[in-house]
Amino acid sequence: MEVPILKQGQYVIASVQSALTDADLRELREQITERVGRFRSKGVIVDVTVLDVMDSFAVRTLRDLAHMTRLRGAETVIVGIQPEVAFAMVQLGLSLKGVATALDLEEGLAFLNARAREHLTSGR
Amino acid sequence: MVAKPITPQRGETPDEGTAALLRELVAHLRQKRTQLREEWARRITVAQLLTAMTEEEIFAEATSVYDNYVEALETGTFEALQAYARNLSERIIPRGVETHEVVGIVLLLRDVLARSLFAKYQEDFEKLNRILDAYEPAANRIANTVAVGFVQERERVIRQQQEAIRELSTPVLQVRDRLLILPIIGVIDPQRARQLTEQLLRAIRTNRAKVVVIDITGVAAMDSNVANHLVQTVEASRLLGATVIVTGLSPEIAQTLVTIGVDLSEMTTVGDLQGGIEEAERLLGVKVVVINEAA
């Protein structure tokens, strides 16, 4: 299952279109990390609006992705987690601690832009 | 001749001997309808039952109950009676009639009718025996049907009311753009906690909220289950991009949370609702300016 990954200025946006197998998830992680390196991106948005379920492997992969991209200088935001998915995740103890999350693509971009401004003003 | 005990089963018709007895019995009860009904209504008043209803109302209902009772005796089937019992319950429950009153009046009717049978057949003891053998099981069945019908209707109403209360007591309110307030009042059981969380998450998405203030001033006590639910709610809200501020923790609840060892690192807390809203405004980058009216 190919996940379209688009470059949008300094950011990389991956928009999940359908349920992902474990292999798909690993592939996605590799592809995004590769793009971030190639484009020297400052931010990544992964849109999971379409997913009505996220198991422990998916959550772990997204966490790993966020850590990996941070090492390459990019902040990752997971957007579009559905209420039912969020509820199930906390009940099962699947944590995205340390990973930024936002309501949707628009909020995700706003988040990354705000972070970029912070970095500018703090002189990083 | 030895009297056979008759137990009319659902759908089964009693045998000929019993049928004849029941017909005789029913004919007698119909003939004595007026006075037996009055006697019954009188005894209801004396026993101080159905105090929520007027005498006219009691008499009107008594008439229906009496006729349905006799009909159940006659046909040996109880569906019509069940339907009538439910219908009656639906009408009298909102009037505040209690279970013991319904059971009480049905047993009184049973007694009034039995005594009437005693009076009629007291000369013929053997016949009285057989009449009672026909009457007793049916009368038991009737009392049971009416009482159970009433209780079931009550339970249905209670469930309905509980659901309504649950809905009412967890309103999610939008007070400002992107800011939601969830005031929680009363006791939170696991079911309510779950409903609360689901409602909040849906509201976050619908209103695109960035900050939620959960006020628990109205929550008296909290156990570890509820505390964990709260922590889960905070975390789930974060997954939807919303920050949660919890306000109104009483000293007791604060003590409970610390003692239980709940992970509060992810939870922002402020003493009271006002403080919580001010903090929320700060997070949203909203500044409130008081305009002084010129005198």
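Parameters and conventions
Residues numbered from 1 in each chain as written. Chains lettered and ligands numbered in written order. Predicted model: local features only at pLDDT ≥ 70, side-chain atom pairs only at ≥ 80, totals over all residues. Helix = DSSP H or I, 4+ residues; strand = E, 2+ residues; numbered from the N terminus. Buried ≥ 20, exposed ≤ 12 C-beta atoms within 10 Å, placed from the backbone. Contact = placed C-beta atoms within 7 Å. Right-handed = clockwise from strand over helix to strand, strands pointing away. Pairing = 2+ DSSP bridges. Axes fitted to C-alpha atoms, helices over the stretch in contact; angles between N-to-C directions. Parallel < 35°, antiparallel > 145°, perpendicular 65-115°, else oblique. Left-handed = near helix turned anticlockwise from the far one by under 90°. Nonpolar A, V, L, I, M, F, W, Y, C, P; charged D, E, K, R; others polar. Core = buried A, V, L, I, M, F, W, Y, C linked by C-beta atoms within 7 Å.

Student: Can you walk me through the overall build of chain A in this structure?
Tutor: Helix and strand counts for chain A stand at four helices and five strands. Sequence-ordered secondary structure for chain A, helices as α and strands as β, is β-β-α-β-α-β-α-β-α. Counting across all 124 residues of chain A, residues that qualify as buried make up 42%. The contacts of chain A with a sequence gap of at least 6 include a subset with a gap of at least 24, amounting to 74%.

Student: Quick question: what am I supposed to make of the pairing of strand β3 (residues 211–218) of chain B here?
Tutor: The side chains of a regular strand alternate between the sheet's two faces. Residues and elements named next belong to chain B. β3 sits mainly inside the fold: six of its eight residues count as buried. This β-α-β element, strand β2 (residues 179–185) to helix α7 (residues 190–207) to β3, shows right-handed connectivity. With respect to chirality, the unit in which β3 leads through helix α8 (residues 224–239) into the neighbouring parallel strand β4 (residues 243–247) is right-handed.

Student: How should the pairing of strand β4 (residues 75–79) of chain A be read in this particular structure?
Tutor: All names here are of chain A. Buried residues dominate β4, accounting for five of its five residues. Here β4 shows no split at all, with Glu75, Val77 and Val79 on one side and Thr76 and Ile78 on the other all buried. Across five bridges, strand β3 (residues 43–47) lies against β4 in parallel orientation. Residue Val44 lies in a different strand from β4, and its bridge partner there is Thr76.

Student: Explain the packing of α7(B) against α8(B) here, please?
Tutor: Helix packing geometry: the angle between the two helix axes and the distance between the axes. All names here are of chain B. Closest axis-to-axis distance for the α7/α8 pair is 10 Å, and the angle between their directions is 15°. Judged on the interaxial angle alone, α8 and α7 are roughly parallel. For the crossing formed where α7 meets α8, the hand is right-handed. Contacts between α7 and α8 pair Pro190, Ala193, Thr197, Leu200, Leu201 and Ile204 from the former with Asn225, Val226, His229, Gln232, Thr233, Ala236 and Ser237 from the latter. Among the residues forming the contact of α7 with α8, the class breakdown is seven nonpolar, six polar and no charged.

Student: I'm lost on the interface of chain B and chain A in this one. Help?
Tutor: Often, the extent of an interface is quoted as the loss of accessible area on bringing the components together. Each side of the interface is counted separately: chain B has 13 residues, and chain A has 12 residues. Taken together, the elements giving at least two residues each to the side of chain B that touches chain A come down to α7 and α8 of chain B. Each residue belonging to the side of chain B that touches chain A can be placed in one class, and the counts come to four nonpolar, three polar and six charged.

Student: Is there a simple way to think about the nonpolar core in this case?
Tutor: The tendency in soluble globular proteins is for nonpolar side chains to be buried side by side. Core analysis: the biggest nonpolar cluster contains 75 residues, and Leu62(A), Ile78(A), Ala86(A), Leu180(B), Ile204(B) and Val212(B) have the highest contact counts within it. Looking at this core element by element, the count peaks at seven residues for α8(B). Beyond its immediate stretch of four places on either side in the chain, Ile204(B) contacts Leu180(B), Ala209(B), Val212(B), Ser237(B), Leu240(B) and Ala242(B).

Student: Where do I start with unusual backbone geometry in this structure?
Tutor: The phi torsion of most residues other than glycine is negative, and most of the peptide bonds are trans. One non-glycine residue with positive phi stands out, namely Arg40(A), at about 55°. Locating Arg40(A) in the fold gives a position in the loop between α1 (22–39) and β3. Arg40(A) gets classed as exposed once you count the C-beta atoms within 10 Å, which come to 11. Even without being a glycine, Arg178(B) presents a positive backbone phi close to 70°. Along the chain, Arg178(B) turns up in the loop between β1 (173–176) and β2. In this structure Arg178(B) comes out as partly exposed when scored by C-beta crowding, with 19 C-beta atoms within 10 Å.

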